[in-house]
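# A structural walkthrough
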Amino acid sequence: MPLRILNTLSRAVEDFTPREPRRVGMYCCGPTVHNFAHIGNFRTFVFADLVRRYLELSGYTVRHVMNITDVEDKIIRTIRENGRSLADFTGEYEKAFLEDFDALHCLRPHDLPHATEHMPGIVALIGKLIDRGIAYRAPDGSVYFSIQRYQGCGCKYGQLLNLNFEEMRVGERVSSDEYAKEAVADFALWKARVPEDGDVFWPSPWGEGRPGWHIECSAMSMELLGTSFDLHLGGEDLVFPHHEDEIAQSEGAGVQVPGERFVKYWMHGAHLLVEGKKMAKSLGNFFTLRDLFQKGFNGREIRFLLISSHYRESFNFTLKGLADARANVARIDEMIAKLTELAAGTSSTEVSPLVAEFIRVMDDNLNVSAAWGAIFDWVRETNRAIAEGKLTPIAAAAALAAWQKVDAVLGLGAPPTAEAPAELLQLLEERQIARKAKDFKRGDVIRDQLKGLGWQIEDTPKGPKLKKM
Ligand code: AMP
Ligand code: ZN
């Protein structure tokens, strides 16, 4: 059976047949780098990573693009308040984002385009929409996308969602610089420079200003993956208006080969919730990865939790759930350690039934919950065989090979064994000195500092050691 996925465009589970037989172009909307991302955001990025890894296991060569939104209203407001430069501020949060991304074992995308580095492409795309009469320049120099004119060209607005565009966006805040819109549903492609923007502006044929968020993704995805590509992902909150607007801009520009769509398959990940509500910065109910490191959890445990349920199911984040994830990761680690000891360097090319079952359920719209069911049945049976002394070295090697294949998708990887860097060992030493001097407060501060950097202190008969969390 081929891979089947739920395509938001058709609202149906479809066979996945990319435009070229063995290649997939994949775009996932990336972070807005104005703060630390929370683990709700990371649920979406880990979901995209899982999709990419599964496509690779299925034999596709994937080109994975994820943009970095490094200019936008919230960013401009914050740098104005803090007197920082755009590049300095967004650079700091991009670095933090990528550290967290790596800690969750997400494979780095092949391209990480920045909005600020793609202005010529963005301006050119807006120009095409103006030339086709779909976008218009307002008196203040802003440029808007006209949904009415787009529909007038025979295009459908509301492909991902059935929308009544007359009623749409009512209640959405219309900022004062958007007073010149022809219709309330129209959205900004180019925002004319205002004094509050400071030195954040670029030239364009319509005057100085900056792009709207939606046009950035249209321009960068088409520039890197072509005007038609296979797969576009994001969290479900992006369906409308962001992705609907991406389709309208990209198809409205008329750059596709006749009969081709902008994107063939759209996949959306469900939200991570806290007490039934979406985890969100605005609700203040969020955890960053760093918050969880402070609590002693590590990236593998958090990744496990984020991929423990099906991507179409929202689930509640709890610390208890994370503690259960930790126990499950430890169960797998213990079994792998025993298998490694038993196999003692033997190798095997036997194809385990676990791999066949994993592929069978993952082909069915990435049914990861069923995959975990099969994995933990296998862990139980394998542990029983080990305990009964029935597992030969060859069988142990085959089990290890099976896990390696499955884990190429799950991405838990091996437990960390890394030596701590010298400056951290120095901190550990300082903690020992503080404790000897009975300065326990300082000792605890250093312990928390190390935790924040992802290292836990473990007391051993040979004195305290640092263990990567
Ligand atoms: P942002 O940096 O706000 O543009 O968001 C980055 C990504 O995180 C987008 O794909 C959002 O859809 C996604 N996202 C935001 N909140 C959540 C959540 N609670 N659960 C899952 N994904 C989310
Ligand atoms: Zn986007």
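The structure displayed is predicted, hence computed values, not measured ones. (Residues numbered from 1 in each chain as written. Chains lettered and ligands numbered in written order. Predicted model: local features only at pLDDT ≥ 70, side-chain atom pairs only at ≥ 80, totals over all residues. Heavy atoms only, no water.)

## Points about the environment of Tyr311
Here Tyr311 shows up in the loop between helix H9 (299-306) and strand S13 (315-316). Taking the C-alpha atoms as reference points, Tyr311 and Met267, separated by 44 residues in sequence, lie 9.5 Å from one another. Each residue touching Tyr311, except ones within four places of it in the same chain, is listed here: Leu6, Arg43, Phe47, Met267, His268, Gly269, Ala270, Asn365 and Leu366. Side chain to side chain, Tyr311 and Asn365 meet in a polar contact 2.5 Å long. (Helix = DSSP H or I, 4+ residues; strand = E, 2+ residues; numbered from the N terminus. Contact = heavy atoms within 4.5 Å. Polar contact = N/O pair within 3.5 Å; in protein donor to acceptor, adjacent residues only side chain to side chain.)

## Describing the coordination of the zinc ion (ligand 2)
Each protein donor to the zinc ion (ligand 2) is listed here as Cys29 (SG), Cys217 (SG), His242 (NE2) and Glu246 (OE); together their distances run 2.0 to 2.8 Å. Around the zinc ion (ligand 2), the four donor atoms are arranged such that angles at the metal cover 76 to 133°; this shape is classified as irregular. Along the chain, the residues that donate to the zinc ion (ligand 2) are spaced as C-x187-C-x24-H-x3-E. On the criterion of sequence distance, the pair formed by Cys29 in the loop between strand S3 (23-28) and helix H1 (39-57) and Cys217 in helix H6 (residues 213-225) is long-range, its members being 188 residues apart. (Donors = N, O, S within 2.8 Å, 3.2 Å for Na, K, Ca; no water. Tetrahedral: all angles 85-135°; square planar, octahedral: opposite > 155°, others 65-115°.)

## Examining the packing of aromatic side chains
Applying the stated criterion to the full structure yields 22 aromatic pairs. Between Phe36 and Tyr93, the ring centres sit 5.3 Å apart and the planes meet at 80°, which makes this aromatic pair edge-to-face. One end of the pair, Phe36, is in the loop between S3 and H1; the other, Tyr93, is in helix H3 (residues 86-103), and 57 residues separate them in sequence. Under the relative-accessibility criterion, Phe36 is labelled partly exposed at 28%. Grouping aromatic residues by their ring pairs yields a cluster made of Tyr27, Phe229, Phe262 and Trp266. (Phe/Tyr/Trp six-rings, centres within 6.5 Å; stacked < 30°, edge-to-face > 60°. Buried < 20%, exposed > 50% of the residue type's maximum accessible area, 1.4 Å probe, protein only.)

## Here we look at the side chain of Asn365
Within the element layout of this structure, Asn365 appears in the loop between helix H11 (353-363) and helix H12 (368-387). Overall, the relative accessible area of 9% leaves Asn365 in the buried class. Contact partners of Asn365, with chain neighbours within four places excluded, come to Arg4, Ile5, Leu6, Val13, His310, Tyr311 and Arg312.

## Quick look at the domain arrangement of the protein
In terms of domains, the protein is made up of domain 1 (4-269), domain 2 (274-410) and domain 3 (422-468). The gap between the C-alpha centroids of domain 2 and domain 3 is 31 Å. (Domains from an automatic or database assignment.)

## As for H6
Because an α-helix packs 3.6 residues into every turn, residues spaced three or four apart end up facing the same way. Here H6 spans 19 Å end to end across 13 residues, near enough to the 18 Å set by a 1.5 Å rise per residue. Here H6 has its buried residues at His214, Ile215, Glu216, Cys217, Ser218, Ala219, Met220, Ser221, Met222 and Leu225. Positive phi shows up at Gly226, right after H6, with a value of about 100°. (Expected span 1.5 Å × (residues − 1).)

## Describing the site of ligand 1
Taken together, 16 residues sit near ligand 1, with Gly40, Thr44, Asp237, Leu272 and Met279 positioned nearest. Here a nitrogen atom of ligand 1 sits 2.7 Å away from a polar atom, N or O, in the side chain of Thr44. Between ligand 1 and the protein, one listed contact pairs an oxygen atom with a backbone N or O atom of Gly235 at 3.1 Å. Considering ligand 1 on its own, with 500 Å² of exposed area, one finds that the protein chains cover 89% of that surface. Here the shell around ligand 1 gets four residues from one element, more than from any other, and that element is H1. Among the residues forming the shell around ligand 1, the class breakdown is six nonpolar, eight polar and two charged. (Near = heavy atom within 4 Å. Areas by Shrake-Rupley, 256 points an atom, 1.4 Å probe, with all protein chains shown as cover. Nonpolar A, V, L, I, M, F, W, Y, C, P; charged D, E, K, R; others polar.)

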